[in-house]
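Structural characterization, general
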Amino acid sequence: MIQLVARVVIIIPTFNEKDNTVRMIDTLAGILPEIRDHQVELLYVDGNSPDGTADVVRDKQKELKWLHLLVETKKEGLGMAYAKGMTHAMKELKADWLMEFDSDFQHPPQDIPRLIAEIDNGYDYILGSRYIPGGSIPSEWGFKRKFLSVVGNHVARITLLLPGIHDVTGGFKLARVKGFMDEFDFGRLLSRSFAYKIHLLHYMVQKGARVKEVPFHFAHRTAGESKIIKNEMQETLRVIFLLQLNNPKIRRFFKFAAVGGTGLVLQTLIFEILGLKLRLFSPAVATVIGGELAIVNNFLLNNFWTFSDHRVVGAKIFGKFLQFNFTSLLALGIQFVILSIGEYVAGGNEWVIRGFYFAALVIVLITNYIIYNKIIWKVKK
Ligand SMILES: Nc1nc2c(ncn2[C@@H]2O[C@H](COP(=O)(O)OP(=O)(O)OP(=O)(O)O)[C@@H](O)[C@H]2O)c(=O)[nH]1
Ligand SMILES: [Mg+2]
């Protein structure tokens, strides 16, 4: 097989990173020429740093032909710096691959060849990962920063529905241009700051990128100042919310929950009206009538709304309805078992019993949702 030489452009955004930049360019001048399989160039995107970072790059450019510089008129956030840098790298420098890399030595320069080596293994998106064996976050970090980093990453993984990717908030990455980054509309980038990373990652996965995680030790920043903004967590959640608003999987879950809510209201109304107010039936019988009506209501609404793309029609509907009834019985069974355990454990403490009641509801919600997807409406991935 003939191996094609790819043009990799490493994009390094900077703001007031003069000292780091001198050291970084010298370090990379020792590492990059060693990479023979591919052609690697460097693009600094400086936010018009008052400390003269750009001048340092200009000075080094005199001797290094693979060093490029883009100076913003003003600092506009990390997302904006990357949007400009990536566009420039694709249009002007004809990049086949774009690497995101920090200027402050937190991403170890000696790991760059390890990421680039994965190009030849057929991946489209190569992620430096802090949260797989062989990777780590700085031991120097205090509890709060460690906690925010680890928990923030897990929250993002779960809410993005990407449990298979272990580090979704990292910033050391390599992305294929053709068919991926060249089709991304930077005008629609959802964040000007750090949370742009989440948008790009989500985009690449949606596009079907083959992802590889490469472990690396995220180092402690020893020079220069952190530019991370205080409300980054909110900004990240905002981006995730916007991304998932139109996610069919998430929409389906909310429809399912809404249908469950209507069933609960219906059952309660029947109990109140037929059982208590009109006294047409005993409260126990009214509960069962209400329960079965809620089951009919839920089945129909789920069939024609939540799972409308997999709806059951014709005579089959009766068989499915019976199956659906069994599911509801199973849910009652689960609740019964969990609450029996609760009663045993609680020793009369009402709050503990309420906790078990709540836990049982959550478990039933999840199991029902899985059964509806897998067994009743047979949704394929
Ligand atoms: N051009 C530009 N560069 C930025 C901007 N914000 C951050 N940077 C650069 O982006 C990289 C990452 O920023 P850092 O402040 O190191 O963020 P961090 O690594 O999450 O935080 P620390 O661990 O505190 O360093 C650094 O090279 C910064 O100089 C910006 O608004 N514009
Ligand atoms: Mg940093």
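What you see is a predicted model, and the numbers here were worked out from it, not measured in a lab. (Residues numbered from 1 in each chain as written. Chains lettered and ligands numbered in written order. Predicted model: local features only at pLDDT ≥ 70, side-chain atom pairs only at ≥ 80, totals over all residues. Heavy atoms only, no water.)

Details of the overall build of the protein chain
- Looking only at helices and strands, the protein chain features 11 helices and 7 strands.
- The C-alpha atoms of the protein chain give a radius of gyration of 28 Å, which is well past the 21 Å a tight globule of 381 residues would have.
- Considering only C-alpha atoms, the protein chain reaches an extent of 95 × 50 × 40 Å along its principal axes.
- The contacts of the protein chain with a sequence gap of at least 6 include a subset with a gap of at least 24, amounting to 78%.
- Positive and negative side-chain charges in the protein chain, numbering 46 and 36 respectively, have mean positions lying 9 Å apart. (Helix = DSSP H or I, 4+ residues; strand = E, 2+ residues; numbered from the N terminus. Rg over C-alpha atoms; globule rule 2.2 N^0.38 Å. Contact = heavy atoms within 4.5 Å. Lys, Arg positive; Asp, Glu negative; His and termini not counted. Charge placed at Lys NZ, Arg CZ, Asp CG, Glu CD.)

Side note on the coordination of the magnesium ion (ligand 2)
- For the magnesium ion (ligand 2), the full set of protein donor atoms is Asp 104 (OD) and Gln 106 (OE1), and the range of their distances to it is 1.8 to 2.0 Å. Here Asp 104 matches Gln 106 in class, with each residue buried. (Donors = N, O, S within 2.8 Å, 3.2 Å for Na, K, Ca; no water. Buried < 20%, exposed > 50% of the residue type's maximum accessible area, 1.4 Å probe, protein only.)

So, the sheet that holds strand β2 (residues 39-46)
- Ordered in space as β3-β2-β1-β4-β6-β5-β7, the 7 strands form an open sheet in which the pairing is mixed. Of all the strands in the sheet, just β3 (67-71) and β7 (211-215) have a single pairing partner and so form its edges. This sheet shows a mean twist of 20° between the axes of neighbouring strands, independent of strand direction.
- Bridge count for β2 against β3 is 5 bridges, and the pairing is parallel. Its bridge partner lying in β3, Tyr 44 is registered against Leu 69.
- In the packing of helix α1 (residues 18-31) onto the sheet, the strands contacted are β1 (7-14), β2 and β3, and the crossing angle to β2 comes to about 175°. (Pairing = 2+ DSSP bridges. Axes fitted to C-alpha atoms, helices over the stretch in contact; angles between N-to-C directions.)

Focus on the nonpolar core
- Membership of the largest hydrophobic core comes to 39 residues, with the highest contact counts inside it found for Ile 11, Leu 98, Leu 160 and Met 181.
- Looking at this core, the elements that each hand over two or more residues are β1, β2, α3 (78-91), β5 (125-129), α6 (196-206) and α7 (232-244).
- For this core, the element with the most residues is α3, which contributes 7 residues.
- The contacts of Leu 98, once residues within four sequence positions are left out, are Val 9, Ile 11, Met 86, Ala 89, Met 90, Lys 173, Leu 174, Ala 175, Val 177 and Met 181.
- Grouped together as the second largest cluster of nonpolar side chains are 35 residues, Ile 31, Leu 64, Trp 97 and Phe 218 included. (Core = buried A, V, L, I, M, F, W, Y, C linked by side-chain atoms within 4.5 Å.)

Let's talk about the side chain of Ser 103
- Along the polypeptide, Ser 103 turns up in the loop between β4 (97-100) and α4 (112-117).
- Exposure remark for Ser 103: the relative accessible area of 2% places this residue in the buried category.
- Those residues within four positions of Ser 103 in sequence are excluded, and the remaining contacts are Ile 12, Pro 13, Thr 14, Glu 17, Asn 20 and Met 24.

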